[in-house]
Protein chains: 2
Amino acid sequence: MSVDIGDSSMSRLLKLAHKFNCFYLSGLKSGECRPFIVEGFQVGLIRPDVMKQLLRYPEVFRVTSQYVELNPAFRDYEERTAKVDHVLRELRGNHAFIALKGWRDECYEVKVKFHTESLLRMDRSATCLFGIRNYGVDINGYVRHPKLGLCIWLQQRSSTKQTWPDKWDNMVGGGLSVGHSILETAHKEAMEEASIPTELLKNLISAGCVSFYFESERGLFPNTEFVFDLELPLEFIPQNADGEVQKFELLTAQQCVERIVTPDFKTTSAPVTLDFLIRHGFISAENEPYYNLIMELLHVPLQNIYNNQSFKENGQVNNSNI
Amino acid sequence: MSVDIGDSSMSRLLKLAHKFNCFYLSGLKSGECRPFIVEGFQVGLIRPDVMKQLLRYPEVFRVTSQYVELNPAFRDYEERTAKVDHVLRELRGNHAFIALKGWRDECYEVKVKFHTESLLRMDRSATCLFGIRNYGVDINGYVRHPKLGLCIWLQQRSSTKQTWPDKWDNMVGGGLSVGHSILETAHKEAMEEASIPTELLKNLISAGCVSFYFESERGLFPNTEFVFDLELPLEFIPQNADGEVQKFELLTAQQCVERIVTPDFKTTSAPVTLDFLIRHGFISAENEPYYNLIMELLHVPLQNIYNNQSFKENGQVNNSNI
């Protein structure tokens, strides 16, 4: 008797989970990228196209057949930051990478893990070139509509945004940049992006985080998003204040599912929406056959992908992933 | 300048997440266990102590240096089930394993993944001997108390239970046994364990699932728990109906945190409670430094641990884990 065990009929939502995890599920295994080492610890992964450019800066980056290391002679956080920044500005001037066209003059910290000390800071447009772990904050703004049930506010990103212009996105979202805490960032972005008054922000509820590993032509995105839920009164309508949003739209949960599976939705924001729809019971094991696979793909073990053992001791790369 | 990157000061909750993932985080890497193959697919892992016993049944189990295979000559689901059952009953009679002392006359399906066809069924007490994936259902019963805030109902398991007697546990929980769907199991257990009336069960909300890989003296537990939340009215008091519960207690969220970190709480139920406390904002990035690590450890990638490639083709084990 033959046994049918195939996954041939992947659902739309499982396909979406594969899309935002394209690097986790395939690129990572190709073995093309090399660990990026700072002070003996792996903080990223570097693709061959980036390695090629870094070879031009041997006084800053040591490129070996096993890994790429930031010169360990740099004394401290400030020196590491300055040396890398200098290279990045030159590469930007040479138009070496698409990613650097989106230079932001806003920095992300480069750390081994979220709770550990920062080793240097780097313009946020450049972190994807080094596969640096990225942390963001997202707010799911929702309404319990008397007739339509669970409804979700989405924003359409401005057409002038450097990344993902015109794409649909969660109501509020932003990267965690240098000097700002998670809750601070949530409040700041809620006010700037959607003019949510402090009074309503009292109802903000921390609801977990999602992690995934995406890759695009710009680079590598091992992202962790800290997720908040905010129930809004029916009469509240978000208004953009910083010019980064084209418009807001209130969708039913079903319309929201239809929207996130289209190419019009920002791929790296979909995990947050999907997680929301699962946590609130709209997507369940009753209507999604790959439910438990999707839940695992919303929380991939980024903590294990970059090996945290010291590379100083033996100069060896031992990137054992689980 | 030296850089402090150590994880020496693990929090209580991170320690707990390591405890229920002891096999995922250490046993798995030891390489002592061998894949258990049925019809060419890996469905489990077998420890050396179990392998030793299975060697006595060469007509049922082929034990090689690479894997343990169920005799591929068995024709179908029923034959595979009968042959394995026969061995298990003999091993039970010989008192070969502690796990089999808890024989239940209630079977779990043995599948490659949750959504794939079952290959055989096996008494639920025996699945941990083969590291078979286990699926359960849990209900977080909670109350929004006007003075105490978020409060959670816990149960204390009966002292006569075969597993985890006297331990504290979630209000309602049960394994998914042959012939029952997830929602059906949730309703059945809610009525048997806590006498929750149908009227209140209408408020049951599917809220995701957790996955982890635990090991005890009994065996291996790669578990996925489908999680439901149920807000209860203040005046409702759960009453046990099947003799499997000693008592119920309503705890504040903080008391609940204190309870789950003690040895008095069933280790394999703690992920469900921890996930609940995170999703409802009681544990957040503001009060838990290892928040994002814990979230990943509540959803470990069980889907990747058992390699799903066919073992028939080349007879080779290639257990590439991510």
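Cut-off values and rules
- Residues numbered from 1 in each chain as written.
- Chains lettered and ligands numbered in written order.
- Predicted model: local features only at pLDDT ≥ 70, side-chain atom pairs only at ≥ 80, totals over all residues.
- Heavy atoms only, no water.
- 1 Å grid on protein atoms, 1.4 Å probe; cavity = no way out; pocket = protein on both sides within 12 Å on 5 of 7 lines; lining within 4 Å.
- Points joined across faces, edges and corners; volume = space filled by probe spheres on them.
- Helix = DSSP H or I, 4+ residues; strand = E, 2+ residues; numbered from the N terminus.
- Domains from an automatic or database assignment.
- Phe/Tyr/Trp six-rings, centres within 6.5 Å; stacked < 30°, edge-to-face > 60°.
- Buried < 20%, exposed > 50% of the residue type's maximum accessible area, 1.4 Å probe, protein only.
- Least-squares fit on C-alpha atoms with pLDDT ≥ 70 in both.
- Contact = heavy atoms within 4.5 Å.
- Arc of directions from axis to C-beta.
- Expected span 1.5 Å × (residues − 1).
- Polar contact = N/O pair within 3.5 Å; in protein donor to acceptor, adjacent residues only side chain to side chain.
- Buried area = accessible area lost by both parts, 1.4 Å probe.
- Salt bridge = Lys/Arg side-chain N within 4 Å of Asp/Glu carboxyl O.
- Pairing = 2+ DSSP bridges.
- Axes fitted to C-alpha atoms, helices over the stretch in contact; angles between N-to-C directions.

Enquirer: For this particular structure, what's the right way to read the layout of surface pockets?
Expert: If you roll a probe as big as a water molecule over the atoms, it shows you where there is empty space left. Residues and elements named next belong to chain B. Of the voids in this model, the largest pocket is the one considered here, and its volume is about 780 Å³. Taken together, 45 residues line the largest pocket, and the ones lying closest to its centre are Arg104, Tyr108, Arg124, Thr163 and Gly175. Going through the elements one at a time, α5 (127-130), β7 (134-145), β8 (149-157), β10 (172-175), α6 (182-194) and β12 (220-231) are the ones with two or more residues in the lining of the largest pocket. Sort the elements by how many residues they give to the lining of the largest pocket and β7 lands first, with 5 residues. Viewed by domain, the lining of the largest pocket spans two of them, domain 1 (30-132) and domain 2 (134-297), each represented by three or more residues.

Enquirer: It is not clear to me how the packing of aromatic side chains should be interpreted in this structure. Could you clarify?
Expert: How two aromatic rings sit relative to each other is given by the distance of their centres and the angle of their planes. With the rule as written, the count across this model stands at 26 aromatic pairs over all chains. Between the aromatic rings of A:Tyr213 and A:Tyr306, the centroid separation amounts to 6.5 Å while the plane-to-plane angle is 75 degrees, which identifies the pairing as edge-to-face. One end of the pair, A:Tyr213, is in strand β11 (residues 205-215); the other, A:Tyr306, is in the segment after α11 (302-305), and 93 residues separate them in sequence. Each member of the pair, A:Tyr213 as well as A:Tyr306, carries the same accessibility label: buried. Pairing B:Tyr135 with B:Phe226 gives two aromatic rings, centres 6.4 Å apart and planes at 25 degrees, and the pair type is stacked.

Enquirer: Can you help me understand the relation of the copies chain A and chain B in this one?
Expert: With an RMSD of 0.0 Å, the operation that places chain A on chain B is a rotation of 180 degrees combined with a shift of 0.0 Å along the axis. The two molecules are tied by a two-fold rotation axis, judged by turn and shift. The residues that chain A uses at the interface reappear at the interface of chain B in 100% of cases, marking a shared surface.

Enquirer: Would you mind showing me how to read helix α8 (residues 253-260) of chain B here?
Expert: Residues spaced three or four apart along an α-helix point in a common direction, a consequence of the helix completing one turn every 3.6 residues. Residues and elements named next belong to chain B. For α8, every residue scored as buried is listed here: Ala253, Cys256, Val257, Arg259 and Ile260. For α8, the buried positions fall inside an angular range of 165 degrees around the axis, keeping them on one side. Elements in contact with the buried residues of α8: α1 (12-20), β8, β9 (168-170), β13 (245-252) and α9 (270-279).

Enquirer: Can you help me understand helix α4 (residues 77-93) of chain A in this one?
Expert: All names here are of chain A. In this model, α4 (17 residues) spans 24 Å end to end at C-alpha, consistent with the 24 Å of a helix rising 1.5 Å per residue. Every buried residue of α4 is accounted for by Tyr77, Glu79, Arg80, Thr81, Val84, Val87, Leu88 and Leu91. Once α4 ends, the next one or two residues include histidine 95, with phi positive near 55 degrees.

Enquirer: Would you explain the side chain of B:Ser211 in this entry?
Expert: In this structure, B:Ser211 sits in strand β11 (residues 205-215). In terms of polar contacts, B:Ser211 uses its side chain to reach the side chain of A:Glu296, at 3.4 Å. Separated by 2.9 Å, the side chain of B:Ser211 and the backbone oxygen of B:Val300 make a polar contact. Those residues within four positions of B:Ser211 in sequence are excluded, and the remaining contacts are A:Glu296, B:Asn223, B:Thr224, B:Leu297, B:Leu298, B:His299, B:Val300 and B:Leu302.

Enquirer: Would you mind showing me how to read the interface of chain A and chain B here?
Expert: Put simply, an interface is often sized by how much accessible area is lost when its parts join up. Taken together, the contacts link 56 residues of chain A with 56 residues of chain B. Counting each side, the surface lost to burial between chain A and chain B is near 4,700 Å², with a carbon and sulfur contribution of 61%. For the pair chain A and chain B, the interface holds 2 salt bridges. With its nearest N and O atoms 3.9 Å apart, the salt bridge here joins B:Glu296 to A:Arg133.

Enquirer: Please clarify how the pairing of strand β1 (residues 34-38) of chain A should be interpreted in this entry.
Expert: One face of the sheet, then the other: side chains in a regular strand alternate in exactly this way. All names here are of chain A. In terms of residue burial, β1 counts as a mostly covered element, since 4 of its 5 residues are buried. Note: β1 against strand β2 (residues 41-46), 5 bridges, orientation antiparallel. Counterpart to valine 38 in the pairing with β2 is phenylalanine 41. In textbook terms, the turn of a hairpin is the stretch between consecutive antiparallel strands, and for β1 and β2 this stretch comprises 2 residues, one of which, glutamate 39, has a positive phi near 55 degrees. Sheet topology places β1 next to strand β4 (residues 68-70); 2 bridges connect them, and they run parallel.

Enquirer: Explain the pairing of β8(B) to me, please; I cannot follow it from the model alone.
Expert: Residue and element names in this part refer to chain B. Counted residue by residue, β8 has 8 buried out of 9 residues, so it is predominantly covered. For β7 and β8, the ladder comprises 4 bridges, and the chain directions are antiparallel. The residue bridging arginine 144 from the neighbouring strand is leucine 150, located in β8. Here β7 folds back onto β8, and the loop between the two strands holds 3 residues.

Enquirer: I keep staring at the sheet that holds strand β3 (residues 61-63) of chain A and nothing clicks. Help me out?
Expert: Residue and element names in this part refer to chain A. If you walk across this open sheet you meet the 4 strands as β2-β1-β4-β3, and the pairing is mixed. Every interior strand has two partners, whereas the edge strands, β2 and β3, have only one. Geometrically, the sheet is characterised by an average inter-axis angle of 25 degrees between neighbouring strands, direction not taken into account.

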